[in-house]
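Working through the structure, step by step
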Amino acid sequence: MPLIINDVYPKKLFREDGKRLDGRENNEIRPIKMKVGVISNADGSAYLEWGNNKIYAAVYGPREVHPHHLAKPDKGILRVFYRMATFSVFERKRPAPGRREKEISMIITDCLEPVLFLELYPGTAFEVFIEVMDADGGTRCASTTVAALALADAGVPMRSLVSAVAVGKIDGQLITDLSGIEDKAGEADLPCAITWFNEELSLLQFDGDMDLDELNESLANAKTALNEILQIQLKALKSKYTTILEEQEGGES
Ligand code: UDP
């Protein structure tokens, strides 16, 4: 049963023992699992479970641009389609893509574009379809992370991976990786993404209230979490190839 019903939030976001409502320490990220190569009809794909979030990403391209007028003669384009399934949230979501989904699609495009060599693919498009099957806060960050993994799985040349996480503040304390309830009932939410090749933030949004020292500390917390997330992405990518090797070796013996 969700903790938020009819927009009534719990008064406290920390338990008596000082832990967060889901039992985490302030700077602990939720459990994350990632797998690549999960959709056979896509050029590349990935699946992610991040706490209660469950998200698929599928990549196609480089391929012809439809509608044609969107094609650019001097470079390729990246198109991202973030969608939330109607059953992915407690209150039914309208099936048609809304303003929020269009905004998040645009944000994820901006996060991923810097790592691609679009200038090498004039007149074509890379398309990334993201389907959120279950949502519990931080889906734009989780989607960016899984989309980068799907692009890598598709063999698209990339300067580096991209990882993302939200940090923020609840009940006066700084925390890492906000859950849905912390996102809604907390004081501040800062989704960030990093492009690893230059270690620059390709996403920094800010919703809420915190002072400059808290902002600096939050960004340092984000960097630690982003490093953890990168390791999980790399492990997911490598495990596809180690599994293939193990299967081949098993077949030969
Ligand atoms: N959410 C919802 N209904 C909606 C949109 C969002 O219940 O129509 C929930 C969902 O769990 C989402 C959370 O609110 O993860 C926070 O949404 P936000 O727009 O802040 O984006 P996110 O944190 O997912 O990137």
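The paragraphs below set out a description of the structure included in this document. A quick note: this is a predicted structure, and the numbers were derived from the prediction, not measured.

1. Observations concerning the site of the ligand
- Neighbouring residues of the ligand: M84, V89, R100, A135, D136, G137, G138, T139, R140, D183 and K184.
- Contacts to the ligand include K184, whose side-chain N or O atom sits 2.5 Å from an oxygen atom.
- Starting from 510 Å² of accessible surface for the ligand in isolation, the protein chains cover 75%.
- For the shell around the ligand, the secondary structure elements donating two or more residues are α2 (139-153) and α3 (180-185).
- Broken down by class, the residue content of the shell around the ligand amounts to three nonpolar, three polar and five charged.

2. Side note on helix α4 (residues 212-252)
- Here α4 contains 41 residues, and its C-alpha end-to-end distance of 60 Å stays within 8% of the 60 Å for a straight helix at 1.5 Å per residue.
- Considered for burial, the residues of α4 that qualify are E214, S218, N221, A222, A225, L226, I229, L230, Q233, A236 and L237.
- Elements in contact with the buried residues of α4: β1 (32-36), β2 (44-50), α2, β6 (162-170), β7 (173-176) and β8 (188-195).

3. A few points about the nonpolar core
- Of all hydrophobic cores here, the largest spans 66 residues; its most connected members are L78, L112, L116, V128, I130 and L151.
- Per-element accounting of this core gives the leading share, eight residues, to α2.
- The contact partners of V128, leaving out residues within four places of it in the chain, are A58, V59, L78, R79, V80, F81, A147 and L151.

4. Notes on the pattern of salt bridges
- For the structure shown, the criterion picks out 17 salt bridges.
- Taking the shortest distance from any N to any O, the salt bridge between E49 and K33 comes out at 3.8 Å. Here E49, found in strand β2, pairs with K33, found in strand β1; they are 16 residues apart in sequence, far enough to count as distant.
- Since its relative accessible area comes to 22%, E49 is described here as partly exposed.
- For K240, the salt bridge identified is with D153, shortest N-O distance 2.7 Å. Of the two residues, K240 sits in helix α4 while D153 sits in helix α2, which places them 87 residues apart along the sequence.

About the criteria used
- Residues numbered from 1 in each chain as written.
- Predicted model: local features only at pLDDT ≥ 70, side-chain atom pairs only at ≥ 80, totals over all residues.
- Heavy atoms only, no water.
- Near = heavy atom within 4 Å.
- Polar contact = N/O pair within 3.5 Å; in protein donor to acceptor, adjacent residues only side chain to side chain.
- Areas by Shrake-Rupley, 256 points an atom, 1.4 Å probe, with all protein chains shown as cover.
- Helix = DSSP H or I, 4+ residues; strand = E, 2+ residues; numbered from the N terminus.
- Nonpolar A, V, L, I, M, F, W, Y, C, P; charged D, E, K, R; others polar.
- Expected span 1.5 Å × (residues − 1).
- Buried < 20%, exposed > 50% of the residue type's maximum accessible area, 1.4 Å probe, protein only.
- Contact = heavy atoms within 4.5 Å.
- Core = buried A, V, L, I, M, F, W, Y, C linked by side-chain atoms within 4.5 Å.
- Salt bridge = Lys/Arg side-chain N within 4 Å of Asp/Glu carboxyl O.

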